[in-house]
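Structural description and commentary
This is what each chain is made of:
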Amino acid sequence: SASTNARVRANSTDLSPILIGLASCQEANVTAPLVRALLHAGHDVRIAWFGSTAEYEQAMQLGLPDVDAMVAGDLDGESRLLDAAEFLADDWLQCPIVISIGHDVFAVALAEAAHERGAQVLRLQAGERVGDTRDRSRRLADHAADAFCVTRDSQRQQLLQEGLPEEHITVV
């Protein structure tokens, strides 16, 4: 594998595990309140961190709760998509519910790997379009999910215009 996987274990419960895919400190900051709420409700939360160990440690210092995690480590492969696919093949990361955020290749690979195993994918910050070159990646990541959380009605409208089902979109 092109990555060095490291696992960090915390507490577990009897509930089905929920996997949250993260690739940056910004994504960790956005999801930290959700992670805390899921933990408070007794859920087994796992994090797939597609980045360096140093970045993960920084996210922890910035307030990401201490949960079970697998850190990809310093990636030395030439293809981030191949690195992501190899990383996500680990059995420990196979959970029935997957939460996706971000718009890079990892978000798309996370959703595809989840669907291959029959998991449902919830997309945070869906429908964001800002008119730059990354909008294509945002669209791919959104369309790879099963359910969508948006923060504004304009994001909801964007997803509806792209043909995603209204009953799967929630404004939070």
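Residues numbered from 1 in each chain as written. Predicted model: local features only at pLDDT ≥ 70, side-chain atom pairs only at ≥ 80, totals over all residues. Heavy atoms only, no water.

**Here we look at the overall build of the protein chain**
As a reminder, the rule being used: Helix numbers and strand numbers start at the N terminus; a helix is a DSSP run of H or I with at least 4 residues, a strand a run of E with at least 2. Every residue pair with non-hydrogen atoms within 4.5 Å of one another is taken to be in contact. We get accessible surface area from the Shrake-Rupley algorithm with a probe of 1.4 Å; when it comes to residues, only the shown protein chains can shield them.
Looking only at helices and strands, one finds 6 helices and 8 strands in the protein chain. Helices and strands in the protein chain line up, N terminus first, as β-β-α-β-α-β-α-β-α-β-α-β-α-β. For the protein chain, restricting intrachain contacts to residue pairs at least 6 apart in sequence, the fraction spanning at least 24 positions comes to 58%. Accessible surface, the protein chain: about 8,600 Å² in total, of which carbon and sulfur atoms supply 49%.

**Quick look at helix α5 (residues 135-143)**
In an α-helix, one turn spans 3.6 residues, which is why side chains three or four residues apart end up on the same side. The criterion, for reference: Categorising residues by exposure relies on relative accessible area from a 1.4 Å probe, with only protein chains included: less than 20% of the type maximum marks a residue as buried, more than 50% marks it as exposed, and the intermediate range marks it as partly exposed. Comment: arc refers to directions from the helix axis out to C-beta atoms.
Those residues of α5 lying buried are Asp135, Arg138, Ala141 and Asp142. The buried residues of α5 all sit within an arc of 125° when viewed along its axis, so they share a single face. Where α5 is buried, its residues contact α4 (105-116), β6 (120-123), β7 (147-150) and α6 (153-161).

**Focus: the pattern of salt bridges**
Condition: Note on definitions: salt bridges are taken to be side-chain nitrogens of Lys or Arg within 4 Å of carboxyl oxygens of Asp or Glu.
Using the criterion set out here, one finds 11 salt bridges in the structure. The partner of Glu162 in a salt bridge is Arg139, with the nearest N and O atoms 3.4 Å apart. Taken together, the residues Glu162 in the loop between α6 and β8 (169-171) and Arg139 in helix α5 connect sequence positions 23 residues apart. Residues joined by salt bridges that share partners form a network here, namely Arg123, Arg129, Arg139, Asp142 and Glu162.

**Brief notes about the nonpolar core**
Rules: We define a nonpolar core as any set of buried Ala, Val, Leu, Ile, Met, Phe, Trp, Tyr and Cys residues linked to one another through side-chain atoms lying within 4.5 Å.
Core analysis: the largest hydrophobic core is formed by 29 residues, its most contacted members being Phe87, Leu88, Leu93 and Phe106. A total of 6 residues in this core trace back to one element, the largest contributor, which is α4. The residues contacting Leu93, other than those within four sequence positions of it, are Leu19, Ala48, Met70, Phe87 and Leu88. Among the nonpolar cores identified, the runner-up in size contains 20 residues, and Cys25, Ala28, Val67 and Ala69 belong to it.

**A word on unusual backbone geometry**
The phi dihedral of Gln125 is positive, around 60°, even though this residue is not glycine. Residue position: Gln125 is located in the loop between β6 and α5.

**Remarks on the environment of Ala59**
Take Ala59: it is sitting in helix α2 (residues 53-61). Residue classification places Ala59 among the buried residues on the basis of a relative accessible area of 1%. Along the sequence, Ala59 and Asn29 sit 30 residues apart, while their C-alpha atoms lie 7.5 Å from each other.

**Side note on the pairing of strand β4 (residues 68-71)**
Consecutive residues of a regular strand have side chains that alternate between opposite faces of the sheet. Condition: A pair of strands is considered paired only if DSSP assigns at least 2 bridges between the two. We call a crossover right-handed when, viewed with the strands running away from us, the connection from the first strand over the helix to the second turns clockwise.
With burial as the criterion, each face of β4 is covered, one bearing Asp68 and Met70 and the other bearing Ala69 and Val71. Across 4 bridges, the pairing between strand β3 (residues 44-49) and β4 is parallel. Of the residues in β4, the one forming a bridge with Trp49 is Val71. In terms of handedness, the path from β3 via α2 over to β4 forms a crossover that is right-handed.

**Let's talk about the packing of aromatic side chains**
Two aromatic rings, taken as a pair, are described by how far apart their centres are and by the angle between their planes. This is how it is decided: Ring pairs are drawn from Phe, Tyr and Trp, using the six-membered ring of Trp, whenever the two centres fall within 6.5 Å, and their geometry is named by plane angle: stacked under 30 degrees, edge-to-face over 60, tilted for the rest.
Throughout the structure, instances matching the rule amount to 4 aromatic pairs. With centroids separated by 5.6 Å and ring planes inclined at 70°, the aromatic side chains of Trp49 and Tyr56 adopt a geometry described as edge-to-face. Look at Tyr56 and you get buried, because its relative accessible area is 4%. Ring centres of Phe87 and Phe106 lie 6.4 Å apart, and the angle between their planes is 45°; on these two criteria the pair is classed as tilted. Placement of the pair is Phe87 in helix α3 (residues 80-88) and Phe106 in helix α4, with a sequence separation of 19 residues.

Spatial relationships are all this shows, so hold off on functional conclusions.
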